[in-house]
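Chain and residue survey
This is what each chain is made of:
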Amino acid sequence: MTTTLRPGGPLQQSEGGARSRPYEVRVNSRRVGGLLIASDTPFGPTVGEIRDLVVDEPDRRRGRATVAALAAEEVLRGWGCRRVRISVPAGSPGGLRLAAALGYVEQGRNLAKALPGEPLALSGEARGRPMTRAEYEAWEPRAREAYAEDWIGRGMAPEAARAKAAADHHTQLPRGLDTPATRFTVLEVSGVPVGHVWTGPRDGGTYIYDVAVAEEQRGRGHGRDLMLLAERVALAAGHDRIGLHVFAGNTPALRLYESLGYRPTVFHYAKELI
């Protein structure tokens, strides 16, 4: 029996070159699953995505998803894409195996944690306080540029990366420090500022958008206290869950998050289309 893709809807295309189209996964004439192919990512029209790839239970473990993913890559090549991205839920062992088998490389992962009923104690002389307006004005342009550099390092064109950084910051911080439900918390140790954490609501919980220890203060355990401050903010907001994203290769941060009980929810992968 032959596994193929068949268009499940019309091709959507923008003036900027972005495209998307749903497809059905079929074995001969029988529908066994579906997916969405798109090239409307922030990376531009030369980077595509395979989204929501699902094969119905009776047809799993027969190579259907592998054939569908390879066929989707061919569609993206036909659209002029040179790179493809996928996201796989952590609870999908089949999806994780498929990504590895097809040569996808992890770019980052989402992590989440169920919060305890009571906040954990900070260490020693550590305490949290709200970020001042002067501190925010000094932080914002540096943070925007650092965010853009992260994306540039993962293949995004510099102009697109800086546009994404500006757009994302505007979306998440439309009123800057006064954005409702957003909190910027500074960690002080013996009265000295050593780092900050930016949190806000997302998906019914709290999300950590940025956490950083001052360079001269690293290696002293302050990262743990910053994470605990974020959890305190989440609990005070009535949330019982907190999450964040970590880029692949940031091993120290990943080890810290895992030690505090954060677990993967989604893995993000990419590979070059040759």
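Now for a quick tour of the structure. (Residues numbered from 1 in each chain as written. Predicted model: local features only at pLDDT ≥ 70, side-chain atom pairs only at ≥ 80, totals over all residues. Heavy atoms only, no water.)

1. Comments concerning the overall build of the chain
- Along the backbone of the chain there are 6 helices and 13 strands.
- Projecting the C-alpha coordinates of the chain onto the three principal axes gives extents of approximately 70 × 40 × 30 Å.
- Burial analysis of the chain (274 residues in total) assigns 43% to the buried set.
- Long-range contacts, defined as pairs at least 24 residues apart, comprise 61% of the intrachain contacts of the chain with a sequence gap of at least 6.
- Averaging the coordinates of the 37 positive side-chain charges in the chain and doing the same for the 32 negative ones gives two points 6 Å apart. (Helix = DSSP H or I, 4+ residues; strand = E, 2+ residues; numbered from the N terminus. Buried < 20%, exposed > 50% of the residue type's maximum accessible area, 1.4 Å probe, protein only. Contact = heavy atoms within 4.5 Å. Lys, Arg positive; Asp, Glu negative; His and termini not counted. Charge placed at Lys NZ, Arg CZ, Asp CG, Glu CD.)

2. Some thoughts on the packing of aromatic side chains
- Applying the stated rule across the entire model yields 11 aromatic pairs.
- Between Tyr136 and Trp139 the ring centres are 5.5 Å apart and the planes differ by 40 degrees, which places this aromatic pair in the tilted class. Of this pair, Tyr136 and Trp139 both sit in helix α3 (residues 133–152), 3 residues apart, roughly one helical turn. We note that Tyr136, like Trp139, is buried.
- The rings of Tyr136, Trp139, Phe184, Trp198, Tyr207 and Tyr209 are connected pair by pair, giving a single aromatic cluster. (Phe/Tyr/Trp six-rings, centres within 6.5 Å; stacked < 30°, edge-to-face > 60°.)

3. Digging into the layout of surface pockets
- Roughly 770 Å³ of volume is contained in the second largest pocket.
- Of all the secondary structure elements, the ones that give two or more residues to the lining of the second largest pocket are β5 (47–55), α1 (64–78), β6 (83–89) and α2 (93–101).
- Taken together, the residues that form the lining of the second largest pocket break down as 14 nonpolar, 6 polar and 9 charged. (1 Å grid on protein atoms, 1.4 Å probe; cavity = no way out; pocket = protein on both sides within 12 Å on 5 of 7 lines; lining within 4 Å. Points joined across faces, edges and corners; volume = space filled by probe spheres on them. Nonpolar A, V, L, I, M, F, W, Y, C, P; charged D, E, K, R; others polar.)

4. As for the nonpolar core
- Residues Leu5, Leu35, Ile37, Leu76 and Tyr104 are the most contacted members of the largest nonpolar core, which totals 25 residues.
- For this core, the secondary-structure elements that each account for two or more residues are β3 (19–27), β4 (30–38), α1, β6, α2 and β13 (263–272).
- If one sorts the elements of this core by residue count, α1 sits on top with 5 residues.
- Contact partners of Ile37, with chain neighbours within four places excluded, come to Leu5, Arg19, Ser20, Arg21, Tyr23, Glu49, Ala72, Val75, Leu76 and Trp79. (Core = buried A, V, L, I, M, F, W, Y, C linked by side-chain atoms within 4.5 Å.)

5. Details of the pattern of salt bridges
- If you walk through the whole model with that rule in mind, you get 21 salt bridges.
- Glu49 is the salt-bridge partner of Arg85, the closest N and O atoms lying 3.6 Å from each other. With Arg85 in strand β6 and Glu49 in strand β5, the pair connects residues that are 36 residues apart, well separated along the chain. Each member of the pair, Arg85 as well as Glu49, carries the same accessibility label: buried.
- Among the ionic pairs, Arg144 bridges to Glu140, the shortest N-O distance being 2.9 Å. Linking Arg144 with Glu140, this pair stays in helix α3, spanning 4 residues, or about one helical turn.
- Looking at Arg144, the relative accessible area reads 30%, which means it is partly exposed.
- Connected through shared salt-bridge partners, Arg127, Arg129, Glu135 and Glu188 make up one network. (Salt bridge = Lys/Arg side-chain N within 4 Å of Asp/Glu carboxyl O.)

6. So, α2
- Within the sequence span of α2, burial applies to Gly95, Leu98 and Ala99. Here the buried residues of α2 occupy an arc of 100 degrees about the axis, which is enough to place them on one side. Of the exposed residues in α2, those oriented more than 90 degrees away from the buried face are Arg97, Ala100 and Ala101.
- Residues of α2 that are buried make contact with β5, α1, β6 and β13.
- Directly after α2, the chain includes Gly103, whose backbone phi takes a positive value near 85 degrees. (Arc of directions from axis to C-beta.)

The analysis is restricted to geometry; functional conclusions fall outside its scope.
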